[in-house]
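Each chain is listed here by its residues.
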Amino acid sequence: MKALILVGGFGTRLRPLTLSVPKPLVDFGNKPMILHQIEALKAIGVTEVVLAINYQPEVMMNFLKDFEAKLGIKITCSQETEPLGTAGPLALARDKLIDDSGEPFFVLNSDVISEYPLKDMIEFHKSHGGEASIMVTKVDEPSKYGVVIMEESTGKVERFVEKPKIFVGNKINAGIYLLNPSVLDRIELRPTSIEKEVFPKIAAEKKLYAMVLSGFWMDIGQPKDYITGLRLYLDSLRKQSSPLLASGTNIIGNVLVDETAKIGEGCLIGPDVAIGPGCVVESGVRLSRCTVMRGVRIKKHACVSGSIIGWHSTVGQWARAENMTILGEDVHVGDEVYSNGGVVLPHKEIKSSILKPEIVM
Amino acid sequence: MGGSEERVVAVIMVGGPTKGTRFRPLSLNTPKPLFPLAGQPMVNHPISACKRIPNLAQIYLIGFYEEREFALFVSSISNELRVPVRYLKEDKPHGSAGGLYNFRDQIMEESPSHIFLLNCDVCCSFPLAEMLEAHMSYRGMGTILVIKVSPESANQFGELVADPVTNELLHYTEKPETFVRVSDRINCGVYIFTPDIFTAIQGVSSQRKDRATLRRVSSFEALQPANRSLPSDFVRLDQDILSPLAGKKQFYVYETTDYWEQIKTPGMSLKCSGLYLAQFRRTSPDLLASGDGTKNAAISGNVYIHPSAKVHPTAKIGPNASISANARIGAGVRLVNCIILDDVEIKENAVVIHAIVGWKSSIGRWSRVQASGDHNAKLGVTILGESVTVEDEVVVINSIVLPNKTMNVSVQEEIIL
């Protein structure tokens, strides 16, 4: 079975992290974002994943070669020379997605982190016999998104409403699709939107069905949602009693610690923290609701909350980083410095406090 | 003097990628030395100035950038200016003098009698031939280009004192802490040396090596920042050579009364582009554009337009505008004090004042991209990175926009990541 992951472009909303690596390779929960999706696809028997990208294909392919071998799944890139929107890339990758088996193929959006009940989705798709299935998720603020209006009992999609001003429903497109190869015949090789042009046509022919995603869902394309998404992800690991979660007297709530990371004495870690490979957390450190990426050193007595600390950065002794502080790669926060929402580009030293949210270039 | 044996070599320090973050966001897309000022890469200006040195044998560019980033530039500039230019990549930081010493074999290959050392990110008239003449009359180890500055701005620079009659360098310290300032002259970052500079640099290296091997260094001494971690091959020109040798009849100064600025930030690059345009007006006015709004666009003040750029006759350009290759300037556009980079499209009736518009960007109709014009302020010049789109009628004021963003709402005083 095959799958396409829409990787898209520059990931500007996740800067400064995406100044160092392309967005799908930014770590989430101690592994590159895109690996969560690839592993979920592999688990249900997908044998080939096509990445639709238009930025830095060499960096992506170098990285993915490692995972191809380790995971035993074929990974290829389909490179857009101009941005093709959310449907165009499918037409571009047509030859890679269709084979003689006539099986449907998955399409995932690379910014999305969720439970990925893909096996259930295959069953759902078979049972309704339609041309396309989409996953929808219930949200609190549907007006920010495109709402999917569907028949509750069958899931048959009636129509889409973009950013509705009155309440029409609270299920939105979750960015996970299972499509029959015939859908590709509806897509031309030009910039096209799947939500605005392709799905409405299929819905009109009553061949589009929606399945409500149980479990968590988050679009982690920007830092605020990334931090919320980590909480939801770790929560789902807890529900599955995952052995990956840490435990101990210095751990509160859900915490992920890579086995190569070191944590000192007298620390208090959690809730909702991910500590990556090779990190050193010295003694007396408090970490909560934050991500600490590969190779970071948090020095003694420091305090980090609600923040993302990028690869190989350091946080000095008694320093405090909070309120959506985002440190890019190789950023060094001096001893005793306070950062309230500082967003710092790679290769910088922060020697004086940042009292209100500010971008440091 | 000036016989065929008196060959001169010039060395231009171009720096490197992670060292300077102050040139962001422009340095995210291009090495700073290759950023265009008045239509030519920054490093072209000192290179062209070197051409005026009598008996110039070779120019070396020394930096930390990968060789491939400079390969194309170096071969084309060698051809274009008919002067041999080579790029040498430093493997690790050696300090400003250590870098020179590191490549002494190449520099001394043609047995030059004099060696110029220039910093690429200095904007000035580079009076190199006059400096050489002065240096030869002083007969010292080196001559430093200096300039008088206002007392207020002098404080950011080192303290430099010279004898008013003999021009000997009497005293030099980096960024002194005392409040009493005795001198208003500063080091411009342009030097000329005789080959015995290498002996002086080696002296500093050996001295440091000897001190390091002396095990009986007291624990207090070992903690002093100056001694702590400098490897023996890391030699700084200012602290390690000029300061100790000041007052020993080794170094002299030559004063320039022309302009001088350091090009550390994008805002300053706009100011320096203007300074070079003014220089072209004096020395090569045919490089500048002209027009009165009839057949060609109306030009005010000093303006550079690349031959491949297309400018609508109803546009008004300048003063201090520089338009790069393949840019397209639409009808009724107004450009003032700005740098428009390659492949930019500016649509009808847009206005750009005190800004730098990055490569391949698109500025919409009736939109406005402007800033206060304070070249020293963080947001005093609006900078649009590569491939930024400003939609029709949108206003972007005193802001910095990183590459690949689309501005569809107006902003002021913001950094858009």
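Residues numbered from 1 in each chain as written. Chains lettered and ligands numbered in written order. Predicted model: local features only at pLDDT ≥ 70, side-chain atom pairs only at ≥ 80, totals over all residues. Heavy atoms only, no water.

A. Up close: the overall build of chain A. Looking only at helices and strands, chain A has seven helices and 31 strands in total. Here the C-alpha radius of gyration of chain A, 21 Å, is about what a compact globule of 361 residues would show, namely 21 Å. By principal-axis analysis of the C-alpha atoms, chain A measures approximately 65 × 45 × 35 Å. Taking contacts inside chain A between residues at least 6 apart in sequence as the whole, the part at least 24 apart equals 49%. A total of about 15400 Å² of accessible surface is found on chain A, and carbon and sulfur atoms cover 50% of it. Positive and negative side-chain charges in chain A, numbering 41 and 43 respectively, have mean positions lying 3 Å apart. (Helix = DSSP H or I, 4+ residues; strand = E, 2+ residues; numbered from the N terminus. Rg over C-alpha atoms; globule rule 2.2 N^0.38 Å. Contact = heavy atoms within 4.5 Å. Areas by Shrake-Rupley, 256 points an atom, 1.4 Å probe, with all protein chains shown as cover. Lys, Arg positive; Asp, Glu negative; His and termini not counted. Charge placed at Lys NZ, Arg CZ, Asp CG, Glu CD.)

B. Inspection of the overall build of chain B at higher detail. Each helix and strand in chain B was counted, giving 11 helices and 31 strands. In terms of C-alpha radius of gyration, chain B reaches 23 Å, essentially the compact-globule figure of 22 Å for 417 residues. Counting only residues that meet the buried cut, chain B has 53% of its 417 residues in that class. Here the analysis covers contacts within chain B between residues at least 6 apart in sequence; of these, 56% occur between residues at least 24 apart. Split by element, the accessible area of chain B, about 18600 Å² in all, is 49% carbon and sulfur. (Buried < 20%, exposed > 50% of the residue type's maximum accessible area, 1.4 Å probe, protein only.)

C. Region of interest: helix 5 (residues 128-138) of chain B. Within helix 5 of chain B, the full set of buried residues consists of Leu128, Met131, Leu132, Ala134, His135, Met136 and Tyr138 of chain B. Summarising the contacts, the buried residues of helix 5 of chain B are in contact with strand 1 (8-15), helix 1 (44-50), strand 6 (114-119), strand 8 (142-148), strand 11 (185-193) and strand 12 (251-255) of chain B.

D. Quick peek at the packing of aromatic side chains. Residue and element names in this part refer to chain A. Applying the stated rule across the entire model yields 17 aromatic pairs over all chains. Taken together, a centroid distance of 5.2 Å and an interplanar angle of 85° make the contact between Phe28 and Tyr226 edge-to-face. Of the two residues, Phe28 is situated in strand 2 (residues 27-28) and Tyr226 in helix 7 (residues 223-239); the sequence distance between them amounts to 198 residues. In this pair, the class of Phe28 matches that of Tyr226, namely buried. Look at Phe160 and Phe199: their rings are 6.1 Å apart centre to centre, the planes differ by 10°, and that puts the pair in the stacked class. With a gap of 39 residues between them, Phe160 in strand 10 (residues 157-162) and Phe199 in helix 6 (residues 194-204) connect regions that are remote in the sequence. (Phe/Tyr/Trp six-rings, centres within 6.5 Å; stacked < 30°, edge-to-face > 60°.)

E. Fine view of the pairing of strand 8 of chain B. Residue and element names in this part refer to chain B. By the criterion of burial, strand 8 is predominantly enclosed, with six of the seven residues buried. Bridge count between strand 8 and strand 11: six bridges; the pairing is antiparallel. Considered in strand 11, the bridge of Gly142 is made with Phe193. (Pairing = 2+ DSSP bridges.)

F. Representation of the sheet that holds strand 19 (residues 286-288) of chain A. Residue and element names in this part refer to chain A. The strand order across the open sheet built from five strands is 16-19-22-25-28, with neighbouring strands paired in parallel fashion. Across the chains shown, the open sheet's two edge strands, defined by having one partner strand only, are strand 16 (268-269) and strand 28 (338-340). Two elements, strand 22 (residues 303-305) and strand 25 (residues 320-322), share two bridges in a ladder whose sense is parallel. By the bridge assignment for strand 25, Val304 is matched with Ala321.

G. Looking closely at unusual backbone geometry. A cis amide bond links Arg24 of chain B to the next residue, Pro25 of chain B, at an omega of 0°. Within the element layout of this structure, Pro25 of chain B appears in the loop between strand 1 and strand 2 (36-37). With an omega of 10°, the peptide bond between Gly318 of chain B and Pro319 of chain B qualifies as cis. Tracing the sequence through the fold places Pro319 of chain B in the loop between strand 17 (316-317) and strand 18 (321-323). Non-glycine residue Glu336 of chain A carries a positive phi angle of around 65°. Within the element layout of this structure, Glu336 of chain A appears in the loop between strand 27 (331-333) and strand 28. Of the residues examined, Glu336 of chain A reaches a relative accessible area of 60% and is grouped as exposed. In this structure, Asn337 of chain B takes a positive phi of about 40° despite not being glycine. On the basis of relative accessible area, Asn337 of chain B is assigned to the buried category, the value being 8%.

H. Quick peek at the UniProt feature "domain: Mannose-1-phosphate guanyltransferase C-terminal" (unreviewed entry) in chain A. According to UniProt, the "domain: Mannose-1-phosphate guanyltransferase C-terminal" (unreviewed entry) feature falls on residues 251-360 of chain A. Between the first and last C-alpha atoms of residues 251-360 of chain A the distance is 32 Å; the span itself is 0% helix and 42% strand. (UniProt positions renumbered as here; feature names shortened; annotations may be inferred.)

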